[in-house]
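Read off the chains here:
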Amino acid sequence: MNYAIRILSCFLLALSFGIVSAQSTISLSGRIIADDLSPLMNAGVYVAQFSLGTTSDSSGRFQVNVKPGWNDVSFSYVGYLSETVKLYLTRDTAIHIKLKTNLQLNEVTIIDRKQIINALHEANGTITLRKENFTSLPAFLGENDPMRAVQMQPGIFIRGGSPDQNLMLIDGASVYNPAHIYGFISVFNGDAIDHLDVYKDHYPARFGGRLCSVIDVTVSEGDTAKLKGSFSLGFVTSRLHLTGPFTKKKKTTFTLALRGSYIGLYTVPISRRQYRASGFDGSIAYYFGDVNAKVVHRFTNKTRMEFNFFTNNDYYSFDRQYASQSSNYEERGLSDHSIQWANYVASTSLVHEFDDQWQMKQHFSFSRYHIINKDIENYSQTLFQGGGYDSKSSSKTQSFINDFTWREDATYTTQQQTFMMGAGVSALIFETGKGNYAYSSSNVETEVDKLEGSRFKTYDAFVYVEDEYHPHEHWMINGGFHVRVYNVQKKTFVSFLPRVNVLYNPVAKFYLRGSASGLSQNLHLLATATTNILNDYWVPATAKAKPENGWNFSGGMTQKLPLNFEWSIDAFYRVMNNVIEYKEGNEQASIYTPWETQITAEGRGRSYGTEFYIARTKGKLTGSVAYTLSWSERKFKDINKGKYYPYKYDRRHNLAAQLTYLIGKHFEVGTAFVYGSGSMYSSPVQSFHTYGIISSYDFQLAQGSQNPYYNDIVTIYSGKNNARLPAYQHLDVSFTYRKRKKNLEHAFNLSVYNVYNNFNIFQVYSDYRTNEDGTRSMVYKQLSLFPVLPSLSYTIKFT
């Protein structure tokens, strides 16, 4: 194995320096700028003869391989006049293109609305989504969510991995919890986003620290022409977006996006009605808000600095009450749980171009994720003949991650290759379970215990080399390596991770691809065996819970068809080592003992499956169908008798379909359907109680209690994750009307989420049922949110 790794490493190093050579194609590169000399990011470059295309990077640079001879090359950017250049090329050529602002922006907008461009599936497996890809989907609660567009792609989320195994970046900074409402809406505000890239087939060497995928979000740099913006008012969310230059010189631009949700106004009555049907009083409340801000200053045409800030704050509460009374007995109970979580992300980058080939970027970021749990449990019983009992308990715990990261990247573009190298270092602080616990009862005075929790400091350094080389018009090879050094508790772990991705184009518009990636990550997700989503949390790799590592293998084919159709098939296999899990019999974390004492480590994992995708990518009518068949399993020697069992995030079947149609210049209709197998959880088959608990139960029953209070002591399971929740599915539709008048665009959106009112399970909780013979048994009850839910929003844009 070591010998094979050495050979592969030598091959990748040779590849990095471009030892292979061929001249069947030539390179056309250059830079695209605006008439004010500012770079245009994501400007389109298209070679008509060969249906080749690319986009410019953040500095306006582009590179595309063409054949010798005449080439018609088109350059375009929204809000600017397109330009087509006819070039006769015999050798590698570099050009500069200046696009002029289109003063008749109203006409450009109308023309642009005549077609929709679906998500760009690049032949190498990368998926790129831009604003039009998620604004054309049916809105959920009035929101056109970028991550909903991602979830409509095959293999999302993400090939049997858990949430911690997906690297989420916003302008290069990590986001540890990217979800509002635990996945229903993402924290990424579509108004602020320029585009996002999804890497799931291959893992470029410049990325590291996760086992499954990368979702790289880029925030818009701001409009250089003039102040623009939009305001949206909806039933459950409202948004404000502003972008433009700070000064007349237009060297400094900004983007600001604000969003707030008052969805709790609807979740409270919906959940209260469900609780009452189960014989309780209770409700669920939820609110959130987020802020995106970015400032870009261009010192010269070759040097710029970027500042980015992002935060979200969420509040969720879940309370349940009950009361019962007989001729001689009365009792009351209260359970009140609340949770608050937030991300705070700030980053700054300095980018300098030495010439048309060399670019350097220095980046510093700070990311904080924290979560606060509060729990209150009250119980009281009163005997009318005198006496009784009551108890009160409350707890508050806090967990957080602080991430300080610095990195430097260099990019060198020449002829038929793009060479990248870089290094970085991170310092992370983890605190888990710190807080306090208070208890009092009729027999015990108030006791307050401090919960020390666990605190770790970790250090992580990396270096990488990556090269993308085009030795022939039919071949593309991306290879490199990523080395990470991780230190925790005075112990150091080193990972050497080779990466290679090969693309072969045997005939026009048909591509074969294959990749192999060595992966590692230095944090874990402690996932509960129950379906309670509030108890999953992140912890660092330690001397006992070693860093996870593994390999990802992927292969597939893509074909571009006439009439803007395309299809693809992919297969993947991933192996994972050093995964962790709660010990057998533990359903979730205890706040009283360190998490390291509650886990079993050094487990193995595997996930594998096949993905199918077909889409019409451009035109008045666009759509796609994506289906994934996959398995995700875990294995520990002291769990489930040492046999593989389904992981909590195993999703056997996933189907996502969407369709969008433009009717004339003003109307747009969209529909989306999602179907996914339910997640796995451990369901007990039998429970026993001690003699003391049984005696207490009999005494309370004799006193007339209809809800005797007692705890389960022994619970028996037939196997780990032996049950699956019902499938998750919903159909959504959306109707949008747009009308432009002078510099204003008005948009009315009516969306209906979950058209046929399917009650998808949001949470499962345990409760007790009184049987006909008077005995009580534990049962699981489901709580569903979001039945058929219409939303109406009005958006006004000024340009």
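The model shown is predicted, which means the values in this text are computed figures rather than measured ones.

1. Some thoughts on the overall build of the chain
Part 1 of the argument: When its secondary structure is counted, the chain shows six helices and 49 strands.
Part 2 of the argument: Counting the 799 residues in the chain, one finds 54% classified as buried.
Part 3 of the argument: Carbon and sulfur atoms form 58% of the exposed surface of the chain, whose accessible area is close to 34,200 Å².

2. A closer look at the pattern of salt bridges
Part 1 of the argument: Taken as a whole and judged by the stated rule, the model has 26 salt bridges.
Part 2 of the argument: Put simply, aspartate 460 and arginine 484 hold a salt bridge, and the shortest N to O gap is 2.8 Å. Taken as a pair, aspartate 460 in strand β27 (residues 454–472) and arginine 484 in strand β28 (residues 475–488) lie far apart in primary sequence, 24 residues in all.
Part 3 of the argument: With relative accessibility at 9%, the residue arginine 484 sits in the buried group.
Part 4 of the argument: Salt bridges here are not isolated pairs; linked through shared partners, they connect Asp171, Glu221, Lys294, Arg298, Arg304 and Glu306.

3. Observations concerning the sheet that holds strand β7 (residues 93–99)
Part 1 of the argument: If you walk across this open sheet you meet the three strands as β4-β1-β7, and the pairing is mixed. The open sheet is flanked by β4 (61–66) and β7, the only strands paired with a single partner. Strand-to-strand twist of the sheet, defined as the mean angle between neighbouring strand axes without regard to direction, takes the value 25 degrees.
Part 2 of the argument: Taken together, the seven bridges between strand β1 (residues 26–34) and β7 define a ladder with parallel strand orientation. Pairing of glycine 30 across the sheet is with isoleucine 95, part of β7.

4. As for helix α5 (residues 264–277)
Part 1 of the argument: In this model, α5 (14 residues) spans 20 Å end to end at C-alpha, consistent with the 20 Å of a helix rising 1.5 Å per residue.
Part 2 of the argument: Regarding α5, the residues found buried are Gly264, Thr267, Val268, Ile270, Ser271 and Tyr275.
Part 3 of the argument: Glycine 279 occupies a position one or two residues after α5 and carries a positive phi of about 90 degrees.

5. Here we look at the side chain of serine 174
Part 1 of the argument: Here serine 174 lies in strand β12 (residues 173–174).
Part 2 of the argument: Among all residues touching serine 174, those that are not within four sequence positions of it are Leu167, Met168, Leu169, Val345, Ser367 and Asp403.

6. Some points on the pairing of strand β26 (residues 447–451)
Part 1 of the argument: As defined by bridge partners, strand β25 (residues 417–441) adjoins β26 across five bridges and the pair is classed as antiparallel. Across the sheet, the residue bridging to glycine 435 is leucine 451, located in β26.

7. Brief notes about empty space enclosed by the protein
Part 1 of the argument: Throughout the structure, instances matching the rule amount to 11 cavities of 30 Å³ or more.
Part 2 of the argument: When its volume is computed, the largest cavity comes out at roughly 90 Å³.
Part 3 of the argument: Lining of the largest cavity is provided by 15 residues; of these, His121, Asp201, Arg513, Ser568 and Asp570 occupy positions nearest its centre.
Part 4 of the argument: When residues of the lining of the largest cavity are traced back to their parent elements, those giving at least two are β34 (565–582) and β35 (599–616).
Part 5 of the argument: A per-element tally of the lining of the largest cavity places β34 first, with three residues.

8. Focus: unusual backbone geometry
Part 1 of the argument: The backbone of asparagine 564 sits at a positive phi, close to 65 degrees, despite the residue not being glycine.
Part 2 of the argument: The topology assignment puts asparagine 564 in the loop between β33 (548–561) and β34.
Part 3 of the argument: At asparagine 640, a residue that is not glycine, the phi angle is positive and equals roughly 55 degrees.
Part 4 of the argument: Positionally, asparagine 640 belongs in the loop between β37 (621–635) and β38 (645–646).
Part 5 of the argument: Asparagine 640 sits in the buried class, given a relative accessible area of 19%.

9. A word on the pairing of β35
Looking down a regular strand, the side chains alternate between one sheet face and the other.
Part 1 of the argument: Two strands pair when backbone bridges link them, and β34 and β35 are joined in this way by 16 bridges, in the antiparallel orientation. The residue bridging methionine 576 from the neighbouring strand is glycine 605, located in β35.
Part 2 of the argument: Direction of pairing for β35 relative to β37: antiparallel, over a ladder of 13 bridges. What sits directly across from alanine 615, in β37, is serine 624.

10. Regarding the confidence of the model for the chain
Part 1 of the argument: For the chain, per-residue confidence averages 81 on the pLDDT scale, and 82% of positions sit at 70 or higher.
Part 2 of the argument: Every residue in residues 103–114 is under pLDDT 50, and counting partners more than four places away or in other chains gives 17 contacts.

11. Here we look at the nonpolar core
Most often, soluble globular proteins have nonpolar side chains that are buried together.
Part 1 of the argument: With 38 residues, the main nonpolar core has Tyr316, Trp341, Leu526, Ile580 and Trp595 as its most contacted residues.
Part 2 of the argument: Within the second largest apolar cluster, 22 residues are counted, among which are Met147, Met168, Val198 and Val219.

12. As for the side chain of serine 734
Part 1 of the argument: Along the chain, serine 734 falls in strand β45 (residues 728–741).
Part 2 of the argument: With a relative accessible area of 4%, serine 734 lands in the buried category.
Part 3 of the argument: Among the polar contacts listed, one links the side chain of serine 734 to the side chain of serine 751, at a separation of 3.4 Å.

13. Section: a positive patch on the surface
Part 1 of the argument: Taken together, the side chains of Lys665, Lys739, Lys741 and Lys742 make up a positively charged region of the molecular surface.
Part 2 of the argument: Inspection of the secondary structure assignment puts lysine 665 in the loop between β39 (653–663) and β40 (667–676).
Part 3 of the argument: Judged by its relative accessible area of 51%, lysine 665 falls in the exposed class.

14. Structural notes on the packing of aromatic side chains
Part 1 of the argument: Per the stated rule, a full pass over the model turns up 20 aromatic pairs.
Part 2 of the argument: Aromatic pair phenylalanine 188 and phenylalanine 310: ring centres 6.4 Å apart, planes at 35 degrees, arrangement tilted. Here the residue phenylalanine 188 occupies a position in the loop between β14 (185–186) and β15 (193–199), and phenylalanine 310 occupies one in strand β21 (residues 303–325), the gap between them amounting to 122 residues. Phenylalanine 310 shares its class with phenylalanine 188; the two are buried.
Part 3 of the argument: Through a chain of ring-to-ring contacts, three or more aromatic side chains come together here, namely Tyr286, Phe288 and Trp341.
Part 4 of the argument: If you follow arginine 606 out to its NZ or CZ, it ends over the ring of tyrosine 644, 3.7 Å from the centre.
Part 5 of the argument: The aromatic ring of tyrosine 647 is capped on one face by arginine 634, whose charged end is 3.7 Å from the ring centroid.

15. What to know about the environment of glutamine 521
Part 1 of the argument: With respect to the helices and strands, glutamine 521 occurs in strand β30 (residues 510–521).
Part 2 of the argument: Sequence-distant contacts of glutamine 521, defined by excluding residues within four places in its chain, comprise Asp164, Gln165, Gly209, Arg210, Leu211, Pro547 and Glu548.
Part 3 of the argument: At 2.8 Å, the side chain of glutamine 521 and the backbone oxygen of leucine 523 are in polar contact.

16. Points about a nonpolar patch on the surface
Part 1 of the argument: On the surface, Phe235, Leu265, Tyr266, Tyr287, Tyr315, Phe735, Leu750 and Leu792 cluster together into a nonpolar patch covering about 730 Å² of accessible area.
Part 2 of the argument: Given a relative accessible area of 33%, tyrosine 287 falls into the partly exposed group.

17. What to know about the environment of phenylalanine 462
Part 1 of the argument: Assignment of secondary structure puts phenylalanine 462 in strand β27.
Part 2 of the argument: Sequence separation between phenylalanine 462 and tyrosine 486 is 24 residues, and the spatial gap between their C-alpha atoms is 8.7 Å.

What counts as what
Residues numbered from 1 in each chain as written. Predicted model: local features only at pLDDT ≥ 70, side-chain atom pairs only at ≥ 80, totals over all residues. Heavy atoms only, no water. Helix = DSSP H or I, 4+ residues; strand = E, 2+ residues; numbered from the N terminus. Buried < 20%, exposed > 50% of the residue type's maximum accessible area, 1.4 Å probe, protein only. Areas by Shrake-Rupley, 256 points an atom, 1.4 Å probe, with all protein chains shown as cover. Salt bridge = Lys/Arg side-chain N within 4 Å of Asp/Glu carboxyl O. Pairing = 2+ DSSP bridges. Axes fitted to C-alpha atoms, helices over the stretch in contact; angles between N-to-C directions. Expected span 1.5 Å × (residues − 1). Contact = heavy atoms within 4.5 Å. 1 Å grid on protein atoms, 1.4 Å probe; cavity = no way out; pocket = protein on both sides within 12 Å on 5 of 7 lines; lining within 4 Å. Points joined across faces, edges and corners; volume = space filled by probe spheres on them. pLDDT = per-residue confidence, 0-100. Core = buried A, V, L, I, M, F, W, Y, C linked by side-chain atoms within 4.5 Å. Polar contact = N/O pair within 3.5 Å; in protein donor to acceptor, adjacent residues only side chain to side chain. Patch = residues over 30% accessible without salt bridge, like charges linked within 9 Å, V, L, I, M, F, W, Y side chains within 5 Å. Lys, Arg positive; Asp, Glu negative; His and termini not counted. Charge placed at Lys NZ, Arg CZ, Asp CG, Glu CD. Phe/Tyr/Trp six-rings, centres within 6.5 Å; stacked < 30°, edge-to-face > 60°. Lys NZ or Arg CZ within 6 Å of the ring centre and 35° of its normal.

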